[in-house]
Amino acid sequence: MELSNRQEQIIQIVKDNGPITGENIADQLNLTRATLRPDLAILTMAGFLDARPRVGYFFTGKTGSELLTEKLKKFKVQEYQSVPIVVEEDVSVYDAICTMFLEDVGTLFVTNEASHLAGVLSRKDLLRASIGNQDLTSVPVHIIMTRMPNITICEQDDLLLDAAQKLIDKQIDALPVVKTADDGLEVIGRLTKTNITKALVELARDQHI
């Protein structure tokens, strides 16, 4: 977050004199305590300052980048996941291509008769199947999809940073967000590189709640 000149002054005063009361900070700036209250609240919520009753404000010693890192490490997958685009495993490759195009996604998740995760289809899978003279309307997606245990997954309570690392390590565009059912995994969301980018933009603009 970008600090105002007054907020920078407050931080410097607390660095030099902390712990220090709000009244003393106000006196040094020739302002009223009420005028400073919003700035002190912002600096405290952002993590630059900490406050203790009957003691005052003190500097946490953390830089802006350290505070951003701390916030990022608290983000959960469930805060940024998207709605999954799912097809059944007996759907044709042609229909899967149409679904991917119409939904404007790069990954489809394939479910079995019990509506549990059975596979994943990427653009590369569908492109590879399209090369040649085979009739795409007669080839079911379960023939070409990636199957378990080769599917990388995540859960809602996973840290966003850990899920992002999986995307990087596996060099894939999306992860199915799943929850464990009686006899399989239920797909309840998807996490993509776009979701990760959204989190970073919100963090940079200090919009994350």
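Heads up: these notes are all about the structure in this document. Everything numeric in this text was worked out from a predicted model, so none of it was measured.

### Considering the packing of helix α1 (residues 5-17) against helix α3 (residues 33-46)
Okay, so step 1: Remark: α1 packs on α3, axes separated minimally by 10 Å, with the N-to-C direction vectors making an angle of 75°. In terms of their interaxial angle, α1 and α3 are classed as roughly perpendicular. In this structure, α1 contributes R6, Q7, I10 and I11 to the contact, and α3 contributes T35, L36, D39, L40, I42 and L43.
Okay, so step 2: Class assignment of the residues belonging to the contact of α1 with α3 gives a composition of six nonpolar, two polar and two charged.

### What about the layout of surface pockets?
Okay, so step 1: The calculated volume of the largest pocket comes to roughly 420 Å³.
Okay, so step 2: Considering the residues around the largest pocket, the lining is formed by 17 residues, among which V120, S122, Q171, I172 and D173 are closest to the centre.
Okay, so step 3: Elements that contribute at least two residues to the lining of the largest pocket include exactly β5 (117-122), α6 (123-130) and β7 (174-181).
Okay, so step 4: Considering every element that reaches the lining of the largest pocket, the biggest residue donor is α6, with three residues.

### Concerning the packing of α1 against helix α2 (residues 22-29)
The relative placement of two packed helices is expressed as an angle between their axes plus a distance between the axes.
Okay, so step 1: In contact at an axis separation of 11 Å, α1 and α2 are set at 120° when each is read in the N-to-C sense. Judged on the interaxial angle alone, α2 and α1 are oblique. For the pair α1 and α2, the sense of crossing is right-handed. Residues R6, Q9, I10, I13, V14 and N17 of α1 form the contact with α2, whose participating residues are I25, Q28 and L29.

### Some words on the sheet that holds strand β4 (residues 107-111)
Okay, so step 1: Overall, mixed pairing links the four strands, which are arranged β3-β4-β5-β6 in an open sheet. Unpaired on one side and paired on the other, β3 (86-88) and β6 (146-147) mark the two borders of the sheet.
Okay, so step 2: With five bridges joining them, β4 and β5 adopt antiparallel strand pairing. What sits directly across from L108, in β5, is L121.
Okay, so step 3: Contacts from helix α5 (residues 93-103) reach β3, β4 and β5, with the element oriented near 130° to β4.
Okay, so step 4: Here α6 sits on the sheet in contact with β5 and β6, set at roughly 75° to β5.

### Notes on the pairing of β5
Okay, so step 1: For β5, the tally of buried residues reaches five of six residues, placing the bulk of the element in the interior.
Okay, so step 2: The turn linking β4 back onto β5 is made up of five residues, and S115 within it adopts a positive phi angle of 65°.
Okay, so step 3: Taken together, the two bridges between β5 and β6 define a ladder with antiparallel strand orientation. Residue pairing in the sheet places G119 in a bridge with R147 of β6.

### Focus on the environment of N195
Okay, so step 1: Its location among the elements puts N195 in helix α8 (residues 193-204).
Okay, so step 2: Given a relative accessible area of 7%, N195 falls into the buried group.
Okay, so step 3: Spatially, the C-alpha atom of N195 lies 6.7 Å from that of Q81, the residues being 114 residues apart in sequence.
Okay, so step 4: Setting aside residues no more than four positions away along its own chain, N195 makes contact with Y80, S82 and R190.
Okay, so step 5: Polar contacts involving the side chain of N195 include one to the main-chain carbonyl oxygen of Y80, which spans 3.1 Å.

### Notes on the packing of aromatic side chains
Okay, so step 1: A full pass over the atoms with the stated rule returns one aromatic pair.
Okay, so step 2: Where F75 meets Y80, the ring centres are 5.7 Å apart and the plane angle is 35°; that geometry is what we call tilted. Summarising the burial analysis for this pair, F75 and Y80 share the class buried.

Procedures and definitions
- Residues numbered from 1 in each chain as written.
- Predicted model: local features only at pLDDT ≥ 70, side-chain atom pairs only at ≥ 80, totals over all residues.
- Heavy atoms only, no water.
- Axes fitted to C-alpha atoms, helices over the stretch in contact; angles between N-to-C directions.
- Helix = DSSP H or I, 4+ residues; strand = E, 2+ residues; numbered from the N terminus.
- Parallel < 35°, antiparallel > 145°, perpendicular 65-115°, else oblique.
- Contact = heavy atoms within 4.5 Å.
- Nonpolar A, V, L, I, M, F, W, Y, C, P; charged D, E, K, R; others polar.
- 1 Å grid on protein atoms, 1.4 Å probe; cavity = no way out; pocket = protein on both sides within 12 Å on 5 of 7 lines; lining within 4 Å.
- Points joined across faces, edges and corners; volume = space filled by probe spheres on them.
- Left-handed = near helix turned anticlockwise from the far one by under 90°.
- Pairing = 2+ DSSP bridges.
- Buried < 20%, exposed > 50% of the residue type's maximum accessible area, 1.4 Å probe, protein only.
- Polar contact = N/O pair within 3.5 Å; in protein donor to acceptor, adjacent residues only side chain to side chain.
- Phe/Tyr/Trp six-rings, centres within 6.5 Å; stacked < 30°, edge-to-face > 60°.

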